[in-house]
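The lines below spell out each chain.
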Amino acid sequence: STVAAALWSETPKFAEKCLEVLQHLLDDRDSHVRSSAGLGLVGLVASGTEALHMLGFDILRAAATTASSSPRYRRHAASRLVEVARARGGQAAARSIATLWDIAREDPDPDVRSHAVSLLEYLSCRLDVSSGFALECILALRDVAMSGPSVEDCIAACVYLFDAARKGGSTTVGLASIEALSSVSVAEVNIAVRSLATLFLADLGGGRTVA
């Protein structure tokens, strides 16, 4: 009902209040309420007017990046950014990827950072390659693999680059993922990260599957 009110409202201030209601519901104790609020915001951001889109996106971005919020809240909001990127494309996709990239490098919680990395890999396989956004996701993963806040973050990014390479095969995304792993394998990073990237490259070249 709040989403419908925002969409049909001819008063920007009223629509903004509706979005604020959804923002509060994103952290509701009930998972069904959180999910509905998130989907409602995605709907507004994806198909609403440009003004609603920007307001809704700012709410999702703030929810996903405010360190004082609970990790669960930030993970939920980050997942919603993926839906925005797929539904609206264009600058919405660019802003979503940039936000996930920031989360993967800067969030204080390792589980939230790992979730953001997984979402970047997910998007790399589902966004239109011609738009350049899929490759932007691979660049983000390479960046985290080479300069993540911890060795664990770097390793996680390598794993997802490997997944993207396997899924992508000889496509542009697959080849870009292999190139990214190649860069990591010779970079001045932790030896465990370099070794893993090298192992993945050997595996991809040999046609085997790493468990």
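Here, every reference points to the structure presented above.
Conventions adopted
Residues numbered from 1 in each chain as written. Predicted model: local features only at pLDDT ≥ 70, side-chain atom pairs only at ≥ 80, totals over all residues. Heavy atoms only, no water. Helix = DSSP H or I, 4+ residues; strand = E, 2+ residues; numbered from the N terminus. Rg over C-alpha atoms; globule rule 2.2 N^0.38 Å. Buried < 20%, exposed > 50% of the residue type's maximum accessible area, 1.4 Å probe, protein only. Phe/Tyr/Trp six-rings, centres within 6.5 Å; stacked < 30°, edge-to-face > 60°. Lys NZ or Arg CZ within 6 Å of the ring centre and 35° of its normal. Core = buried A, V, L, I, M, F, W, Y, C linked by side-chain atoms within 4.5 Å. Contact = heavy atoms within 4.5 Å. Axes fitted to C-alpha atoms, helices over the stretch in contact; angles between N-to-C directions. Left-handed = near helix turned anticlockwise from the far one by under 90°. Nonpolar A, V, L, I, M, F, W, Y, C, P; charged D, E, K, R; others polar. Salt bridge = Lys/Arg side-chain N within 4 Å of Asp/Glu carboxyl O. Parallel < 35°, antiparallel > 145°, perpendicular 65-115°, else oblique. Polar contact = N/O pair within 3.5 Å; in protein donor to acceptor, adjacent residues only side chain to side chain. Expected span 1.5 Å × (residues − 1).

A. Representation of the overall build of the chain. A tally of regular secondary structure across the chain gives 11 helices and 0 strands. Reading the chain from its N end, one meets helices and strands in the order α-α-α-α-α-α-α-α-α-α-α. Taking 17 Å as the expected radius of gyration for a compact globule of 211 residues, we find that the chain reaches 18 Å, a close match to that expectation. Relative to its 211 residues, the chain shows a buried fraction of 44%.

B. Seen up close, the packing of aromatic side chains. Counted by the stated rule, this structure contains 1 aromatic pair. On the numbers, 4.2 Å between centres and 5 degrees between planes, the contact of Phe-162 with Phe-200 is stacked. Taken together, the residues Phe-162 in helix H9 (residues 151–168) and Phe-200 in helix H11 (residues 191–206) connect sequence positions 38 residues apart. Between Arg-95 and the ring centre of Phe-57, over which it is positioned, the NZ or CZ distance is 5.5 Å.

C. Quick look at the environment of Asp-203. Along the polypeptide, Asp-203 turns up in helix H11. Sequence separation between Asp-203 and Ala-77 is 126 residues; the distance between their C-alpha atoms is 35 Å.

D. Expanded view of the nonpolar core. Counting residues in hydrophobic clusters, the biggest one holds 61 residues, and the most contacted among them are Leu-100, Leu-123, Ile-138 and Cys-158. Looking at which element gives the most residues to this core, the answer is helix H8 (residues 133–147), with 8 residues. Apart from residues lying up to four places away in sequence, Leu-123 is in contact with Val-82, Ala-85, Arg-86, Ile-97, Leu-100 and Cys-137.

E. A look at the packing of helix H4 (residues 50–65) against helix H5 (residues 71–88). In contact at an axis separation of 7 Å, H4 and H5 are set at 145 degrees when each is read in the N-to-C sense. Crossing of H4 over H5 shows left-handed handedness. Facing H4, whose interface residues are Glu-50, His-53, Phe-57, Leu-60, Arg-61, Ala-63 and Ala-64, H5 presents Tyr-73, Arg-74, Ala-77, Ala-78, Arg-80, Leu-81, Val-84 and Arg-88. Among the residues making up the contact of H4 with H5, the classes are represented as 9 nonpolar, 1 polar and 5 charged.

F. Main features of the pattern of salt bridges. The full count for this structure, using the stated rule, is 8 salt bridges. Arg-74 is paired through a salt bridge with Asp-107; the nearest N and O atoms lie 2.7 Å apart. Within this pair, whereas Arg-74 is found in helix H5, its partner Asp-107 is found in the loop between helix H6 (90–106) and helix H7 (110–124), the two being separated by 33 residues in sequence. For the pair formed by Arg-74 and Asp-107, the shared burial category is buried. Taking the shortest distance from any N to any O, the salt bridge between Asp-163 and Arg-166 comes out at 3.1 Å.

G. Representation of the packing of H6 against H8 within the structure. Where H6 meets H8, the axes come as close as 10 Å, and the angle between the chain directions of the two elements is 10 degrees. Accordingly, the angle class assigned to the pair H6 and H8 is roughly parallel. Contacts from Gly-90, Ala-93, Ala-94, Ile-97, Trp-101, Ala-104 and Arg-105 in H6 reach Phe-133, Glu-136, Cys-137, Leu-139, Ala-140, Asp-143 and Val-144 in H8. Its residues assigned to classes, the contact of H6 with H8 shows 10 nonpolar, 1 polar and 3 charged.

H. Expanded view of the side chain of Glu-121. In this fold, Glu-121 is placed in helix H7. Polar contacts involving the side chain of Glu-121 include one to the side chain of Lys-167, which spans 3.0 Å. If near-sequence neighbours (up to four positions away) are discounted, Glu-121 is found in contact with Leu-141, Tyr-160, Asp-163, Ala-164 and Lys-167.

I. Here's a closer look at H7. Spanning 15 residues, H7 covers 21 Å between terminal C-alpha atoms, matching the ideal 21 Å at 1.5 Å per step. Taken together, the buried positions of H7 are occupied by Val-112, Arg-113, Ala-116, Val-117, Ser-118, Leu-119, Leu-120, Glu-121, Leu-123 and Ser-124. Looking at the buried side of H7, the elements it contacts are H5, H6, H8, H9 and helix H10 (172–185).

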